[in-house]
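Inside the fold
Next come the chains, spelled out residue by residue.
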Amino acid sequence: MSKSVLVVEDQAEIRDLIRLTLEMGGYRVSEAADGESALQMADKALFDLILLDVRMPGKMDGLAVCEALKRDQRHRRTKIVMLSAADQSTDLRAGKTAGADKYLTKPFSPRQLLSVVAATV
Amino acid sequence: VPAPSGLRLNAPDHPFTLPESARAAAALLGIDLPLLLDSFCDRVDLYEQVLRGVARETVTLPDQVRALMASNDLDAARRCLHTFKGLTGTVGLQQVSQLAAVAEKAVATPQSGDTQDALWQALAVAQPPLFALLGNLKPLARQQAAQFASD
């Protein structure tokens with residue numbers, strides 16, 4: 001069975017690119033546009049991997065979502081890859097502290113995305 | 001970056017030849033098209049789809065940002081520029097992406113207007129080869145999408 005990935009990204013264009021790329025790679029893709037929606041979806045289903053944008057508008061940014069997921073034992077097998085712009089290096093340290101498994105800097109190519117996802121799940 | 005194993009994306013069973021006109025249009029934009037398409041796993045259809053979104057944004061973004069600045073919604077203006085920076089970087093428009101990054105950082109500063117003007121000027125220069133590139137890639141993208149759909 002193909003691996004499931006939840007993409008959490010507020011920018012619709014980037015979310016579309018990620019979804020199309022992952023679907024081409026044979027993954028089952030679900031999408032959320034903000035942190036609250038992501039947690040609601042993760043409450044109803046378990047994912048093999050969650051791609052999580054660090055900076056999102058709303059009450060919860062990606063770091064808060066990552067911390068919440070890592071606290072929840074149901075998601076102990078779920079891998080989390082954080083996404084953030086290359087010029088926001090402080091996000092990298094914060095992501096690791098929040099418990100992220102890997103980090104991918106934007107802009108990234110589909111090949112980079114698939115390589116990171118394949119190496120993580 | 002090595003190709004992920006087991007993923008049929010650089011499909012050798014679907015070879016394609018890039019039109020010289022597409023390479024030339026891309027070169028005017030500072031894009032090494034074969035190299036960039038390699039980073040898209042040679043999926044011209046995917047690249048063309050993202051590029052189409054960017055081309056649309058080059059037309060709508062200036063008015064959108066101007067309106068947000070006029071209504072003093074600086075966060076929204078910053079977000080628009082941030083998204084555009086990422087998208088243009090992804091499709092290989094490095095100069096435009098860098099100008100968008102400068103404009104994004106300058107949103108709440110006195111340099112805001114100048115940095116945005118520089119970006120809009122660069123967009124005006126980029127649009128003719130950008131739309132030419134899109135037109136040149138479209139038949140190939142359609143052909144490839146149909147091939148993958150029938151596999």
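Look a little higher up for the structure.
Residues numbered from 1 in each chain as written. Chains lettered and ligands numbered in written order. Predicted model: local features only at pLDDT ≥ 70, side-chain atom pairs only at ≥ 80, totals over all residues. Heavy atoms only, no water.

Glancing now at the overall build of chain A. Helix and strand counts for chain A come out as 5 helices and 5 strands. Of the regular secondary structure in chain A, the N- to C-terminal order runs β-α-β-α-β-α-β-α-β-α. For 121 residues, the compact-globule estimate of 2.2 N^0.38 gives 14 Å, and chain A sits close to it at 13 Å. If one aligns the C-alpha atoms of chain A with their principal axes, the spans along those axes are about 35 × 30 × 25 Å. Each charge class in chain A can be summarised by its mean position, and for the 18 positive and 17 negative side chains these summaries are 8 Å apart. (Helix = DSSP H or I, 4+ residues; strand = E, 2+ residues; numbered from the N terminus. Rg over C-alpha atoms; globule rule 2.2 N^0.38 Å. Lys, Arg positive; Asp, Glu negative; His and termini not counted. Charge placed at Lys NZ, Arg CZ, Asp CG, Glu CD.)

All right, on to the overall build of chain B then. Within chain B one finds 6 helices and 0 strands. Counting only C-alpha atoms and orienting by the principal axes, one finds that chain B spans roughly 55 × 30 × 25 Å. The 151 residues of chain B split such that 49% are buried. Counting only contacts in chain B whose residues sit at least 6 apart along the sequence, the fraction spanning at least 24 positions is 67%. Element-wise, carbon and sulfur atoms account for 55% of the exposed surface of chain B, whose accessible area totals about 7,300 Å². Across chain B, the 12 positively charged side chains and the 15 negatively charged ones have centroids separated by 3 Å. (Buried < 20%, exposed > 50% of the residue type's maximum accessible area, 1.4 Å probe, protein only. Contact = heavy atoms within 4.5 Å. Areas by Shrake-Rupley, 256 points an atom, 1.4 Å probe, with all protein chains shown as cover.)

With that out of the way, let us pick up the side chain of Thr-88 of chain B. Residues and elements named next belong to chain B. Relative to the elements of secondary structure, Thr-88 occurs in helix α4 (residues 74-90). Note on Thr-88: relative accessible area 0%, which makes it buried. With residues up to four places along the chain from it excluded, the contact list for Thr-88 reads Val-54, Leu-93, Val-96 and Ser-97.

With that settled, consider unusual backbone geometry. In this structure, Pro-107 of chain A follows Lys-106 of chain A across a cis peptide bond, with omega equal to -5°. Looking at where Pro-107 of chain A falls in the secondary structure, it is placed in the loop between β5 (102-106) and α5 (110-120). The phi torsion at Cys-41 of chain B lies on the positive side, around 55°, for a residue other than glycine. Looking at the element boundaries, Cys-41 of chain B is found in the loop between α2 (33-39) and α3 (44-70).

Residues and elements named next belong to chain B. Along the chain, Ser-112 falls in helix α6 (residues 112-150). Residue classification places Ser-112 among the buried positions, given a relative accessible area of 6%. In this structure the C-alpha to C-alpha distance between Ser-112 and Phe-148, which are 36 residues apart in sequence, comes to 45 Å. Every residue in contact with Ser-112, bar those within four places of it in the chain, is listed here: Met-69, Ala-106 and Val-107. Within the structure, the side chain of Ser-112 is placed 3.3 Å from the backbone oxygen of Val-107, a separation counted as a polar contact. (Polar contact = N/O pair within 3.5 Å; in protein donor to acceptor, adjacent residues only side chain to side chain.)

The subject of this paragraph is the sheet that holds strand β4 (residues 79-85) of chain A. Residues and elements named next belong to chain A. The strand order across the open sheet built from 5 strands is β2-β1-β3-β4-β5, with neighbouring strands paired in parallel fashion. Of all the strands in the sheet, the pair left with one neighbour each is β2 (28-32) and β5. The average angle at which neighbouring strand axes cross in this sheet is 20°, direction not considered. Here 4 bridges tie strand β1 (residues 4-8) to strand β3 (residues 49-53), and the two strands are oriented parallel to one another. Counted as the bridge partner of Leu-6 is Ile-50 from β3. Packing against the sheet, helix α1 (residues 12-24) makes contact with β1, β2, β3 and β4, and its axis sits at approximately 165° to β2. (Pairing = 2+ DSSP bridges. Axes fitted to C-alpha atoms, helices over the stretch in contact; angles between N-to-C directions.)

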